[in-house]
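Notes for the structure review
Residue-level listing of the chains:
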Number of protein chains: 2
Amino acid sequence: MSHTLGIRQAQKQKTRQALMDSALQLLEHQSLSSLGLREVTRAVGVAPAAFYRHFTDTADLGVALVEQALGSLHDTIRAAIVTTGASEERIHRAVALIAAQVRTHPAHVRFIARERHGGVAPVREAIGVQLRRFADEVAEALGADPQSTGWTSADLRMLAGVYVDHMVMTASALLEGDESDEESILTTARAQLRLVTLGRRHWLD
Amino acid sequence: MSHTLGIRQAQKQKTRQALMDSALQLLEHQSLSSLGLREVTRAVGVAPAAFYRHFTDTADLGVALVEQALGSLHDTIRAAIVTTGASEERIHRAVALIAAQVRTHPAHVRFIARERHGGVAPVREAIGVQLRRFADEVAEALGADPQSTGWTSADLRMLAGVYVDHMVMTASALLEGDESDEESILTTARAQLRLVTLGRRHWLD
DNA sequence: CCACTCAGTAAACAGCTGTTTGCTGAAGTT
DNA sequence: AACTTCAGCAAACAGCTGTTTACTGAGTGG
């Protein structure tokens, strides 16, 4: 199925990835709307004109970064959804997954949190589309749970939105605080999930 | 107490406010980290060097904008807190207040949502401080409610965090969608608040 | 009235920006 | 072996950036 691509295309993809990696690094201390094309090529070590062989814009680069960053998040979310057991266990596991994602891909997480409401419209929209897709997946998984009998699909979607937003907020809070804050942030996140779980349990009263 | 300030200081404050207003307008389509000092002075119609009479940096301008934007929000929040009545009424009033704030000060709201996780550290921190202050106020008000007897102050703070985050997210969602989405966004926001209210009611079980 | 303060000015500085151009040479094709 | 493709290059373009300088002239207070 996967045809080994030629030396040429392989090199091109390597450069493309290098551009994206350098951009992600530069975005740790600024936002996409101020990221210069020359700045990126300089960091990679290629000529400015080479940029145009891969992207039309820094906004275009940003959209590509969204796919990459949310691709890795997607696996995490799928894992969090499949999880089974008592709600307290599930909460612990979900929060641990978030913490792990922040630890292993901090730049990706920062990028998403920052550009979600950022100044570059196409990137903002790309993130919005993907997060909505995540929420839909979560809603579907929630619907499969026996605890959700009697729920309307709109209410399931509403609940899923709470979970997704909470995930992003918690991840962002972990990035903002230093390591000494981690424990209390995670404790708060778990308490908030517990609160939502309680609300969920009594939704149909 | 309030000495009428001279013509001179009045003019200075007027220019300063003009700089802030123009900046806020320019920030509708970009983020602070890409906002140029010349860009702002050009929009106001003053010389670039005049900028330094008021701010050292665009970051400095940003911090000033935080105070202004969250000042107006502060009144809204105070109003939302004081509200009384059945929880369903309170939810409707709180959501209506958010919608009103977004309608009357869209640029301020957008600025806060955008720069909350933005690329300019001092501004990010200023927003963080103010939102934490809001959350503390909310927590205090919640503590005064008879429904909160038996709650630890940490749990009250946790709940207040949910409310504040939810407010910002809802406001941002209203900005992102067009007017035709408003009704469904508000409906979802109310449902989410209902969910939290239920969780709150059963917290001590 | 006169000395002083100081918000805003105009001009110049080096250094940066995105984009276009024609080129080079390795990789791919026949 | 001859021919085509095309990723990356060096150079040049106009236009922008933040910052400093010495200045002007209206507002202020004794």
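Look up a bit, the structure's there.
All values reported here derive from a predicted model rather than from experimental measurement. (Residues numbered from 1 in each chain as written. Chains lettered and ligands numbered in written order. Predicted model: local features only at pLDDT ≥ 70, side-chain atom pairs only at ≥ 80, totals over all residues. Heavy atoms only, no water.)

Here we look at the interface of chain B and chain A
- In this assembly, 33 residues from chain B lie in contact with 33 residues from chain A.
- When the buried surface of chain B facing chain A is broken down by residue, His117(B), Met169(B) and Leu195(B) rank first, second and third, together holding 25% of it.
- In this assembly, chain B and chain A are joined by two salt bridges.
- Here Glu176(B) ties to Arg124(A) by a salt bridge, and the two come within 2.9 Å at their closest N and O atoms.
- Where chain B touches chain A, the interface holds 16 residue pairs in polar contact (both at pLDDT 80 or more).
- Residue assignment for the side of chain B that touches chain A shows that the elements contributing at least two residues are helix H5 (106-115), helix H7 (153-176) and helix H8 (182-201) of chain B. (Contact = heavy atoms within 4.5 Å. Buried area = accessible area lost by both parts, 1.4 Å probe. Salt bridge = Lys/Arg side-chain N within 4 Å of Asp/Glu carboxyl O. Polar contact = N/O pair within 3.5 Å; in protein donor to acceptor, adjacent residues only side chain to side chain. Helix = DSSP H or I, 4+ residues; strand = E, 2+ residues; numbered from the N terminus.)

Brief notes about H5(B)
- Judged by how many residues are buried, H5(B) sits mostly within the fold: eight of ten residues are covered.
- If you check which residues of H5(B) are buried, you get His108(B), Val109(B), Arg110(B), Phe111(B), Ile112(B), Ala113(B), Arg114(B) and Glu115(B).
- Next to the buried residues of H5(B) lie helix H6 (121-144) of chain A together with helix H1 (7-26), helix H3 (58-82), helix H4 (87-104), helix H6 (121-144) and H7 of chain B. (Buried < 20%, exposed > 50% of the residue type's maximum accessible area, 1.4 Å probe, protein only.)

Things to note about the protein's contact with DNA strand D
- In the vicinity of DNA strand D lie 19 residues, with Thr15(A), Ala47(A), Arg53(A), Leu37(B) and Arg38(B) positioned nearest.
- Between Arg8(A) and DNA strand D, the recorded distance is 2.6 Å, taken from a side-chain N or O atom to a base oxygen.
- At 2.7 Å, a side-chain N or O of Tyr52(B) approaches a phosphate oxygen of DNA strand D.
- Secondary-structure elements contributing two or more residues to the surface near DNA strand D are helix H1 (7-26) of chain A together with H1 and helix H2 (37-44) of chain B. (Near = heavy atom within 4 Å.)

Examining the environment of Gly119(B)
- By secondary structure assignment, the location of Gly119(B) is in the loop between H5 and H6.
- Between the C-alpha atom of Gly119(B) and that of Ser34(B), which follows or precedes it by 85 residues, the distance is 9.3 Å.
- Not counting chain neighbours up to four residues away, the residues in contact with Gly119(B) comprise His29(A), Gln30(A), Ser31(A), Arg114(A) and Arg124(B).

Examining the protein's contact with DNA strand C
- Around DNA strand C sit 19 residues, and of these Arg38(A), Arg8(B), Thr15(B), Ala47(B) and Arg53(B) come closest.
- A share of 51% is what sugar and phosphate atoms reach among the atoms of DNA strand C within 4 Å of the protein.
- A distance of 2.6 Å is found between a phosphate oxygen of DNA strand C and a backbone nitrogen or oxygen belonging to Leu37(A).
- Within the contact set of DNA strand C, a base oxygen lies 2.5 Å away from a side-chain nitrogen or oxygen of Arg8(B).
- Mapped by element, the contributors of at least two residues to the surface near DNA strand C are H1 and helix H2 (37-44) of chain A together with H1 of chain B.
- Classifying every residue of the surface near DNA strand C by side-chain character gives eight nonpolar, four polar and seven charged. (Nonpolar A, V, L, I, M, F, W, Y, C, P; charged D, E, K, R; others polar.)

With respect to the relation of the copies chain B and chain A
- Superposing chain B onto chain A takes a rotation of 180° combined with a translation of 0.0 Å along the rotation axis, leaving an RMSD of 0.1 Å. What we have between these two chains is a two-fold relation.
- Both copies share a contact surface, since 100% of the interface residues of chain B are interface residues in chain A too. (Least-squares fit on C-alpha atoms with pLDDT ≥ 70 in both.)

Points about the side chain of His202(B)
- Relative to the helices and strands, His202(B) resides in the segment after H8.
- Residue His202(B) is classed as buried on the basis of its relative accessible area, which comes to 16%.
- Beyond its immediate sequence surroundings of up to four residues, His202(B) is in contact with Leu198(A), His202(A) and Asp205(A).

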